[in-house]
Every structure is written in structure tokens, then in C-alpha cells.
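Structure at a glance
Chain residues, written in single-letter form:
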Amino acid sequence: MRIRTFAEYQLAYEQSVNDPEAFWAEVAQNFHWRKPWTKTLQWNFEEPNIKWFSGGKLNITENVLDRHLTTRPNQPAIIWEPNDPAEPSVTLTYKMLHDYVCRFANVLKRNGVRKGDRVCIYMPMVPELAVAVLACARVGAIHSVVFGGFSAQSIADRINDAACSVVITSDGAVRGNKTIPMKDTVDDALIGCPTVQRVIVMTHTRTPVAMRKGRDVWWETEMKQVTSDCPAEEMDAEDPLFILYTSGSTGKPKGVVHTCGGYMVYAQYSFENVFQVEPGDIHFCTADVGWITGHSYIVYGPLLAGSTSVIFEGIPTWPDAGRFWDVVDRHKVTILYTAPTAIRSLMGFGLDPLKNKDLRSLRVLGSVGEPINEEAWHWYDENVGKHKCPIVDTWWQTETGGILISPLAGITKTKPTFATLPLPGVQPLLVDEAGKEIEGNGVSGNLCIRFPWPGILRTTWGDHERCRQTYFSTYPGLYFTGDGCLRDEDGYYRITGRVDDVLNVSGHRIGTAEVENAINMHTGVVESAVVGYPHDIKGQGIYAYVITESDTAHEADLMRRDILATVSRVIGPIAKPDKIQFVSGLPKTRSGKIMRRILRKIAEGDTSNMGDTSTLLDPAVVDAIKAGAV
Ligand code: 6R9
């Protein structure tokens, strides 16, 4: 399962393309299956219908926990670093984590959770978040983790889409010097969620909460009622393991579905090979478990591999901008996996925060979530890695389950801003607008994948047609990623960014349509159009053009604040526009379509050549917008 040299990578890659079934069957041998699979792969990208390891029976938690009990019971599985550095960190060994997960799995059962039920998890970055995730998997329930920064409305939408019966949350969360009342937010969400029978509340911040009789129970009280004996539910390889909502170019977020067998195999395989994991590694992924990066490379990947995973509750800039380096120093982190946006924001604080921080434990650095610019890459390499740590720029998506294009640390020759080469089993290709493959090197196009890997999404929850339309219909027979990409003279891949109406703000995926819908909820708004523009730290910023009901000139500031509050309430603070421009009209074609190309150019500050505007209903609108650009 482990690649150790570039020649081995080339060989593995060749094998994985020539005979994918044999290749992945061999990888999958390394896991504990209750019953072996009968057919390694069945697939078509038309419906789509993708099945890996059919007939195989397993429970992923037996691979995450039980199989490590004989080999490494006392090795740390999770190291928790609290928000406040003055408070003690917590270490859970594999034995302790196994115990904790089994007990909480019994709590879930006591509260009516059965195989196939959907459970929403809305929690801070505490060990109990990982425990809740794994306990769901233990009993065969499908977890749907909702990022702690999302609003009540966003939680409600996700709960209702999946018809969750149980919510797991905590009284509150702390981030930097802020306390966030999580249970209150859940209470607000649940006003519109008829399917929820039970809310399990973990005590964390001791923020006062209202407990509703017959619905809400305390985590700690429940834990006293159960034993740690909880045999794992037997799951089919293709039973859903989790749903994770992500933004697309249209409408509401989609519930991406991953299944037990394929996801497990791909999470561990990609983790071990990309980061070249060694025994004793301390892996610090700074993402939140509410995103796919946290699912695959805080919880499942590292624990499947028997590694040690750091869960960090706080933020990079509190109490000061040296916090990441402090965590690395304190816990002797060997692998640091973070996002370009964090690197760029820390760059802004200069080198002082790095002083007196011992970073010599670091061996591998990772980047994920958005394109990394050359400056950030070099800063990371020089000041964090001290030119000794390979940087793996890992490209992948919620839908892909794990990393698809990335250097293997220390094995693949890196090149700043390039995700370099596909992992074994991954067959990328570039196509033009018409869907024709662009062959050869030194070319750019839309990035597609032509063959399934075990971690690919299987469907979107409750709406298979949407899955087909979004990913498999643009270019028939191919999985379309939504990303633009360049393949250079060496055959190296560089992801250039989304080619659809999806924004990437600080590594968070946000649909322009979602933000527009939120802005339009404000009573004074007639219509809005949202585009992205280059932002020094966030990668992309959000620029909103808004038409209001009345002349806003004298109260523009108030209106601006109101709109920001509305977006915060409807989606969450991460979706707040950076710039709002009030306009009297939008550039629309005769058929009523907004010409976003023009709005993007103006938002970028490039008003020189607007291109062909002859199809616009009222070309004069463009000059008015240009004149009022913010
Ligand atoms: C893992 C994750 C997916 C989108 C993806 C792309 C962008 C992710 C990247 C990258 C350039 C990288 N993206 N990694 N772009 N280089 N190394 O981020 O999943 O939240 O679903 O976002 O993020 O545009 O399509 P997700």
C-alpha cells in the first residue's frame, strides 16, 4: 500500500490504470472486512452508478479503532489543543477513544438511533466531535456534520434535507476571545425541523442554555447510563457513511454522499501516501471537521492509519499570530496541513510570531482548499519548513472524498503553485468547452476525471438526478470537477480555480446564487448579483451589486449593514460580501440573463475593455456601474 520512491509511484500509477480492479483490490486487502467483497468495481458515469467492493461487509470504526487495540492501545489517537493556551491539552489514546466511542454509540442507541438514520452534528472543535462522528459510524447512522459557523437557517435546511432525527451539539463554542452560543442557534434552527426527536447537548463553555423537556438531553448524564460494550453494526460496503453539504453554482447546497467501503480505502491510502506517514507522526490539520478536509484528514485518514491527529479548537491569530507555531512546538507536530488563506494572513504579521518557536519537529507541510500563490508557497517553505520540508499542494473536493492530485511528500519533485501529478487510480484529463479532450502538454482546459476511484461521491442525498446533472452531464461519460486547469510541459497540473459560479473565499466554497438569495431576503432589496474578485488574503472576496427599492443614497451605510446582517443570519458570517455596490440596474441580455463577465471585470477593477456588449438590453447600465464601482 505504500509508495516509497518515484519509480514505485510510476509503477503503481501504471498498474492502477491498466487494471484498476486488481490495484484497488490489493489495497483493500489491508483492511478488516467482516466478509470479503465479491465484485471490486461496477460502474458507469451515465446514470451514474458506482459501486466499489460490492458484497463486502465491514464497519469503518473497526478499522479506525478496534484493529489498533492490539498494536497501539496506548498510543495517542487524538491530541486536543483548546482555544485558550493556558488551559491543559487533552490526549486520548486509541484505547480511550475506543472506549469513548463505544459508550457514546450506546448513548445514540438509547436515544433511538438506528442503522440508516441521519444524525446532524453541530459542534465545536473538541474531541467529542470526533467521538460523535465515529459513534454514528459505529451504529451505522449516517452523520451530517454542519460547520459550527453556519446560521440557524443553514442548519435547518440541512437537517430537513436529510430528515435528521437527532442533533448532537454543545452549549457553546469559543473561538479566540468570542463565545458562540451553539445550542441557542440549534434551538432557533429546530423551530422549523419536525423530524428531530432528540438533541444531545455536550457541556463545554457552560453558556446557559434552555433544555426542552422530552427533546433535549445532556451528553454527560446520558454517558452515565451506558457501558463501553458496543459491537459495531455490520455495514455493506456501499451503505452511506456520511452526508456533507457543499455549495454548487445553483440553488441550495447539495448533500454529497460517501459510502463506507470505498471512502475508507481511499482516505487511508491517500493519507499515507501523500504525507508519507511514519510511525510516531503527529498530524496537525488546521481545517474544521465541518469540512471534507476535516472528515478525511483529521478524523478518518489519520485514525485509520493509526497515526496521531491534533484537534485544535482555536484560531491562528489568538492570543497572537504565533498560535499555530505554538501548537507545532508544544505537541512536536511532524505534519502540518493548512490552507493558503491562513498562510497569507500569517505572512501579514511578519516573522516575529515565529521567533522562539521550535519548528524542528516538522517533516511535511501541506496546503489545501484553494490555489496557493507563489509568494505564500515560498514563505511557507522558507519560514515554516526552513527549506527542509516538502510542500504537498493537494487538490481535491468534497465530492472526491480524498486527495486526487498532489505531490507525494519527498518523492514527487515539487513546483510552486502546482498540485503536480495524480495519485494512483486517478485519471485526469482536460477538455475544451465542447467537451473535446485536449491532449499533450503545455495546455489548459476544464478538469475532468475519466474513471472512478474508491472515494468518489455516489449520489447527492435525496436527488440523484441533481448529482448526474451537476457532475456527469456537462461532458458525457466524464466526472466534471468545475475547476479550470493547466498542464505544463512536464505534465504537471496546476489548478487555476473554478470555472462555474462557485466562489472560494478563504478556502470556503460558496455559491454566488446562495449569497444572492440571502441578500434578496432583505425587504428593501429588489435584485442582486454576486461575483468574486481577487482578494490578497482570502483568495477571493465577495462583491455584491444590489438594486434597492428606494433611493439609498442618504442611508447607504445603514442599508449595507442590514444586508450584511441578513446574509450572516441566512447563511453565516463566512458569506458576508466584502463590497456592496448599490446600482440602479444590472447588465442583462435581452433574454434576461445577467452578464456576469462584465460584473466580474468591474469588481476586479478592470474597466478598460468590456468586450462585446451588443446583446445587452441597455448598454448604458455598464457605464453607470463602472462610475459607481467601490
Ligand atoms: C478539499 C476541499 C473544492 C474546491 C476545488 C478547487 C479548490 C481545493 C485546491 C483547490 C487549487 C488546491 N481547491 N484544493 N484549488 N489548489 N490545492 O477544499 O474541498 O471545500 O469541496 O472545495 O476547492 O476549486 O474545486 P471543497
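In this text, all values refer to a predicted model and were calculated from it rather than measured experimentally.

What counts as what
- Residues numbered from 1 in each chain as written.
- Predicted model: local features only at pLDDT ≥ 70, side-chain atom pairs only at ≥ 80, totals over all residues.
- Heavy atoms only, no water.
- Near = heavy atom within 4 Å.
- Polar contact = N/O pair within 3.5 Å; in protein donor to acceptor, adjacent residues only side chain to side chain.
- Areas by Shrake-Rupley, 256 points an atom, 1.4 Å probe, with all protein chains shown as cover.
- Helix = DSSP H or I, 4+ residues; strand = E, 2+ residues; numbered from the N terminus.
- Nonpolar A, V, L, I, M, F, W, Y, C, P; charged D, E, K, R; others polar.
- Pairing = 2+ DSSP bridges.
- Buried < 20%, exposed > 50% of the residue type's maximum accessible area, 1.4 Å probe, protein only.
- Contact = heavy atoms within 4.5 Å.
- Right-handed = clockwise from strand over helix to strand, strands pointing away.
- UniProt positions renumbered as here; feature names shortened; annotations may be inferred.
- Core = buried A, V, L, I, M, F, W, Y, C linked by side-chain atoms within 4.5 Å.
- Disulfide = S-S within 2.5 Å.
- Phe/Tyr/Trp six-rings, centres within 6.5 Å; stacked < 30°, edge-to-face > 60°.
- Lys NZ or Arg CZ within 6 Å of the ring centre and 35° of its normal.
- Axes fitted to C-alpha atoms, helices over the stretch in contact; angles between N-to-C directions.
- Left-handed = near helix turned anticlockwise from the far one by under 90°.
- Salt bridge = Lys/Arg side-chain N within 4 Å of Asp/Glu carboxyl O.

Further remarks concern the site of the ligand. Near the ligand lie 17 residues; those nearest to it are D393, T394, T398, D483 and R509. Within the contact set of the ligand, a nitrogen atom lies 3.4 Å away from a backbone nitrogen or oxygen of E370. Here Q397 contributes a side-chain N or O atom positioned 2.9 Å from an oxygen atom of the ligand. Compared with its free state, where it exposes 530 Å², the ligand has 96% of that area covered by protein. Counting only elements with at least two residues in the shell around the ligand, the list comes to α10 (292-304), β20 (391-394) and β25 (493-498). Of the residues in the shell around the ligand, the class split is 6 nonpolar, 6 polar and 5 charged.

This part takes up the sheet that holds strand β7 (residues 142-145). Spatially, the 8 strands line up as an open sheet ordered β12-β11-β8-β6-β7-β14-β15-β23, and their pairing is mixed. Because the sheet does not close on itself, it has two edges, and the strands there are β12 (216-218) and β23 (459-460). In terms of strand pairing, strand β15 (residues 254-259) meets β23 through 2 bridges, oriented antiparallel. Looking at the pairing, V257 lines up with T459 of β23.

Bringing unusual backbone geometry into the picture now. E47 connects to P48 through a cis peptide bond whose omega is -10°. In this structure, P48 sits in the loop between β1 (39-44) and β2 (49-54). Here the amide bond leading from W318 into P319 is cis, since omega sits at -5°, within 30 degrees of zero. Note that P319 resides in the loop between β17 (308-312) and α11 (323-331). Residues other than glycine seldom take positive phi values, yet K332 does so here, at roughly 50°. Mapped onto the secondary structure, K332 falls in the loop between α11 and β18 (335-338). One non-glycine residue, H387, adopts positive backbone phi at about 60°. Secondary-structure assignment places H387 in the loop between α13 (374-384) and β20. We classify H387 as exposed; its relative accessible area is 56%.

Moving on to the environment of I292. In this structure, I292 sits in helix α10. In this structure I292 comes out as buried when scored by relative accessible area, which is 7%. Excluding residues within four positions of it along the chain, I292 makes contact with F242, L244, H258, W396, Q397, T398 and G401.

Further remarks concern the pairing of β17. Taking burial as the measure, the 5 residues of β17 include 5 buried ones, the bulk of the element. Looking at chain direction, strand β4 (residues 76-81) and β17 are connected through 4 bridges and run parallel. Across the sheet, the residue bridging to E81 is F312, located in β17. In this structure, strand β16 (residues 282-285) lies alongside β17, joined through 3 bridges in parallel fashion. Residue pairing in the sheet places I282 in a bridge with T308 of β17. Each parallel crossover has a hand, and for β16 linked through α10 to β17 it is right-handed.

In the numbering used here, UniProt assigns the feature "domain: Acetyl-coenzyme A synthetase N-terminal" (unreviewed entry) to residues 9-64. Its end C-alpha atoms 26 Å apart, residues 9-64 is made of 43% helix and 25% strand.

F104, W219, F275 and Y300 are the most contacted members of the largest nonpolar core, which has 124 residues in total. Residues in contact with Y300, not counting those within four places in the same chain, are I60, V64, V133, L134, A137, H143, L241, F242, Y263 and H295. Within the second largest apolar cluster, 46 residues are counted, among which are A162, V186, A189 and V546.

Before going further, it helps to examine the state of the cysteines. One way to say it: the disulfide is the covalent bond shared by the sulfur atoms of two cysteines. One pass over the structure, following the stated rule, counts 0 disulfides. Between C136, a cysteine without a disulfide, and C164, which holds the nearest cysteine sulfur, the sulfur-to-sulfur distance is 9.4 Å. For C136, a relative accessible area of 0% corresponds to the buried category. This cysteine, C230, is not joined by any disulfide, and C102 carries the nearest cysteine sulfur, 5.4 Å off. For C230, a relative accessible area of 2% gives the class buried.

Using the criterion set out here, one finds 39 aromatic pairs in the structure. Seen from their ring centres, Y471 and F472 are 6.5 Å apart, and the 75° between their planes marks the pair as edge-to-face. R158 extends its terminal NZ or CZ atom over the ring of F150, reaching a point 4.4 Å from the ring centre. K415 extends its terminal NZ or CZ atom over the ring of F418, reaching a point 5.1 Å from the ring centre.

Between helix α4 (residues 94-110) and helix α5 (residues 127-139), whose axes approach to 8 Å, the crossing angle comes to 65°. Relative to α5, α4 is oriented so that their crossing is right-handed. Between α4, through L97, H98, Y100, V101, C102, F104, A105, L108 and K109, and α5, the contact on the second element is made entirely by E128, V131, A132, L134, A135, C136, R138 and V139. Residues that form the contact of α4 with α5 fall into these classes: 13 nonpolar, 1 polar and 3 charged.

So, about the pattern of salt bridges. What the rule picks out here adds up to 37 salt bridges. Linking E81 and R323 is a salt bridge whose minimum nitrogen-to-oxygen distance equals 2.6 Å. Note that E81 is positioned in strand β4 and R323 in helix α11, a separation of 242 residues in sequence. For E81, a relative accessible area of 0% puts it in the buried group. D216 is the partner of R215 in a salt bridge, and the nearest nitrogen-oxygen pair spans 2.6 Å. You'll find R215 and D216 in the same group, each marked buried. Linked through salt bridges whose partners overlap, the residues forming this network are E81, R323, D326 and R330.

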